[in-house]
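# A closer look at the structure
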Amino acid sequence: MESKFQPPIRTGLLDFFGNSSGCQFVIPVYQRNYTWRDNKEVKQLLDDLQRVLSGEYRNHFLGIMIYLDTPIDFSARELSVIDGQQRLTTTFLALYAIRELLSENNMKEEIQRLDGQYLTNPFSSNKIKYKLKPLVSDDEVYKKIVLNKLDEIKNTNSNVYKNYIYILKYLRKLLEKEIYSINDLLMAFNKLYIVCIPLSTEDNAQKIFESINSTGVKLTASDLIRNYILMDMKSDQQEKYYKEYWKELERLLSSDAKKLESFFRFYLAAKTKNLPNKNAVYKLFVSWFNDNIEEYGVEGIFQEIIKYAKYHHVIYKKKINHIEPSIRKPIKEFRRISSEMPAPLLMEILNLYNKDLINSEQLSEIITIINTYLIRRALCDLDTSSITRLFPTLLKDILEDCKENYNDIIEVLKKNLINKNIGNAMYMPDDIELEDLIKNANMYSIRSTLRVFFDKLEHHNNPAPVDLNSLNVEHIMPQTPTKKWLEELDIDEETYQRNLHRLGNLTLVSRKDNSIMQNKVWKYKNKILENTSHLKINEELLKVDKWTIKSIDERTNGLIENIKELYPYVMASDTIIPKIAIYINHNDIKASGYLYLDNGSVEIEAGSELYEHENKENFPEIEEHRQELSDEKIIGENEKGLIFIKPYIFHSKVANATALSSSASLILHGSRNGWVYWEDEFGNSLNMVDSIKEEFER
């Protein structure tokens, strides 16, 4: 018995319910929660009702009701509400409040008529006995209201419960004035009218739903994704999948729609190896869903999502003592670094571990390397925007390089995360760069990251680690330069401020001790610091008789060495990276580096020289590139002229090509054919070495 097209209907609320015999209004599980508040939207509806009662309004338009009309059998229909669930639920709560008022006045006949016409389907099966089936999350509270068992309601914070009580009190107060009767209330409800738009199974309810919700309070991508998967199912199946999978997803991650949206963004990044823009998550999910529905089926897709949600839960939320022992330390540190960016990579790495393709030692080392990468960049205060899209691409490169054999996954990770990014914005600072960037930096501005390092330093090789929760990162030389401090240090205020926030002038101190020390001179501070003498980080401080700028220099250098030790700079071994040594020896310019045979990149070694052309203006692009490298302190001058101070990698911009020419052009200051100017270790131009040329002609 198929639904046919029905035109929109303008109808009073009671007429609408009264003419829906054998119908049950179902609020689908994919809908938003019931969010109307007693003192706002509910009050507004009741105030409008009162205006109708008083004659101020002849009638009042409540809004639109859109529902999907689906036959159950010859006498029953399911009306699945697509738009209007908030006002529909509130109206039924109001009718049950009126029912309670009738009961209080012992009006049994009126209760029977109200039940039979508006609240129940008296001739239908128990399954659709009641005309409203609310959201699953509201169902238990609503049932207790229907059965008049308010004293059994445990969740009194439910909007359903609070709004019912508010409506009951509001209407009772109206009746106490003895101006209006209960019949007047019901007649007034019928002057609140709606416009109903019934849809048939032939209509595209999902598209209509998306269109409706694009104009109001926008749904998040997770809302739309849930709707997309569940909307075309029968309500029983919707409820089953919602309880088994969607509620499990919320348990593992969060019921917050924005957090779920973030998960789906990273889930899709893990699956597609590309991080979608936030506003493209839903569109990409629909595409991925349609590409995989035949292989997985709907339930299989839900199971796949839950599997990755469990990985996400391990990474970010699962209790540390419930996690695999071998990864507890790196996971705990990763959480403290507080970065979502590696989520796609880590979820897929956990998937490899779950499939027994990598072992726990490999898993632990992978997380440790990622921690080192993130913390080194963070301590150097490098821009995070440059690595936002790094990790899905990194995942793609790792999987391609491993070719389903993960014995060397650690070296492959190092190669693609560290070696490959030398010289670009995604690089990990090496020991020299780290020292340069930290030595005189304002480290107090990144104290949350610094705290991660300080805590690790304190617990490193410490047989009796202490609880550090009561400690803060604080200054030794105080933030306010007093006259006594300036005299003791024998410096001016400018020098004081320049050294104030440096690494060596910061330590861990209890809140209480810091309050006592305030701006006191060193001898007094040193005495107070004895309270934290059990801390390794403060042991050396207690041996210092006088705090000076030299003390800050020495302590800064010592702590930088600690950073290098705790977060060591690692690179892939030569065996994992196919490369050959190459050289330029032209016009008294000597340069050396490596040609990477897997992708054509060229790494220039530190100390390589650059030719300075007399007519620089003839090569504006090269001059601009050189200036950028100079600003980044990758190239600089010595007694011989311009040289590379740090290693730098040129990347090929074309598949199966090399960066030989771009690197030679920058070194020799002009348009150069790199195959001619770069030579192998025997002095042969690379264009004469067939074995190398063949690597890029395949």
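Anyway, here's the lowdown on the structure attached to this text. (Residues numbered from 1 in each chain as written. Predicted model: local features only at pLDDT ≥ 70, side-chain atom pairs only at ≥ 80, totals over all residues. Heavy atoms only, no water.)

With that out of the way, let us pick up the pattern of salt bridges. Scanning all chains against the criterion turns up 35 salt bridges. Measuring nitrogen to oxygen at the nearest pair gives 2.6 Å for the salt bridge that ties D455 to R336. A residue pair is termed long-range when its members are at least 10 positions apart, and D455 in helix α19 (residues 447-459) and R336 in helix α13 (residues 328-337) qualify at 119 residues. On the basis of relative accessible area, R336 is assigned to the partly exposed category, the value being 39%. The salt bridge involving D553 is made with R502; its shortest N-O contact spans 2.7 Å. Remark: R502 occurs in the loop between α21 (493-500) and β8 (506-510) and D553 occurs in helix α25 (residues 549-566); sequence separation between them is 51 residues. R502 sits in the buried class, given a relative accessible area of 3%. (Salt bridge = Lys/Arg side-chain N within 4 Å of Asp/Glu carboxyl O. Helix = DSSP H or I, 4+ residues; strand = E, 2+ residues; numbered from the N terminus. Buried < 20%, exposed > 50% of the residue type's maximum accessible area, 1.4 Å probe, protein only.)

Moving on, we come to the side chain of Q362. The topology assignment puts Q362 in helix α15 (residues 360-379). Residue Q362 is classed as buried on the basis of its relative accessible area, which comes to 12%. Sequence-distant contacts of Q362, that is, excluding residues within four places in its chain, are made with Y406, N407, I409 and I410. (Contact = heavy atoms within 4.5 Å.)

With that settled, consider helix α26 (residues 620-631). The end-to-end C-alpha separation of α26 is 16 Å, in line with the 16 Å expected for 12 residues at 1.5 Å each. Every buried residue of α26 is listed here: I622, R626 and L629. Down the axis, α26 shows its buried residues gathered within 60° of arc, on one side only. Those residues of α26 that are exposed and aimed more than 90 degrees away from the buried face are P620, E621 and D631. Here the buried face of α26 lies against β12 (635-638), β13 (641-644), β14 (648-650) and α27 (660-668). Positive backbone phi, approximately 60°, marks K633, located one or two places after α26. (Expected span 1.5 Å × (residues − 1). Arc of directions from axis to C-beta.)

On to unusual backbone geometry. Positive phi, close to 55°, is recorded for D381, a residue that is not glycine. Counting through the fold element by element, D381 comes out in the loop between α15 and α16 (390-402). Taking relative accessible area as the criterion, D381 reaches 53% and is therefore assigned exposed. Phi is positive for D588, which is not a glycine, with a value near 65°. By the secondary structure assignment, D588 is in the loop between β9 (579-586) and β10 (589-596).

Turning to the packing of aromatic side chains, a few remarks are in order. Taken as a whole, this structure holds 28 aromatic pairs when the rule is applied. Aromatic pair Y228 and F289: ring centres 5.4 Å apart, planes at 90°, arrangement edge-to-face. Separated by 61 residues along the polypeptide, Y228 in helix α9 (residues 221-230) and F289 in helix α12 (residues 281-316) bring together distant segments of the chain. Judged by relative accessible area, F289 falls into the buried class, the value being 7%. Between W246 and F264, the ring centres sit 6.0 Å apart and the planes meet at 15°, which makes this aromatic pair stacked. Placement of W246 in helix α10 (residues 235-252) and of F264 in helix α11 (residues 257-272) is noted, with a sequence separation of 18 residues between them. As far as burial versus exposure is concerned, W246 and F264 are alike and both buried. Site record: aromatic cluster; members linked through ring pairs are Y228, W246, F263, F264, Y267, Y282, F285, W288, F289, Y308 and Y311. (Phe/Tyr/Trp six-rings, centres within 6.5 Å; stacked < 30°, edge-to-face > 60°.)

All right, on to the sheet that holds β10 then. In a beta sheet, neighbouring strands pair by backbone hydrogen bonds and run either parallel or antiparallel. Reading across the sheet, the four strands line up as β9-β10-β11-β14 and stay open at both edges, with antiparallel pairing between neighbours. Each end of this open sheet is capped by a strand with a single partner; those strands are β9 and β14. Within the sheet, the average angular offset between the axes of one strand and its neighbour, ignoring direction, is 30°. Across eight bridges, β9 lies against β10 in antiparallel orientation. Looking at β10, one finds that I582 is bridged to G593. (Pairing = 2+ DSSP bridges. Axes fitted to C-alpha atoms, helices over the stretch in contact; angles between N-to-C directions.)

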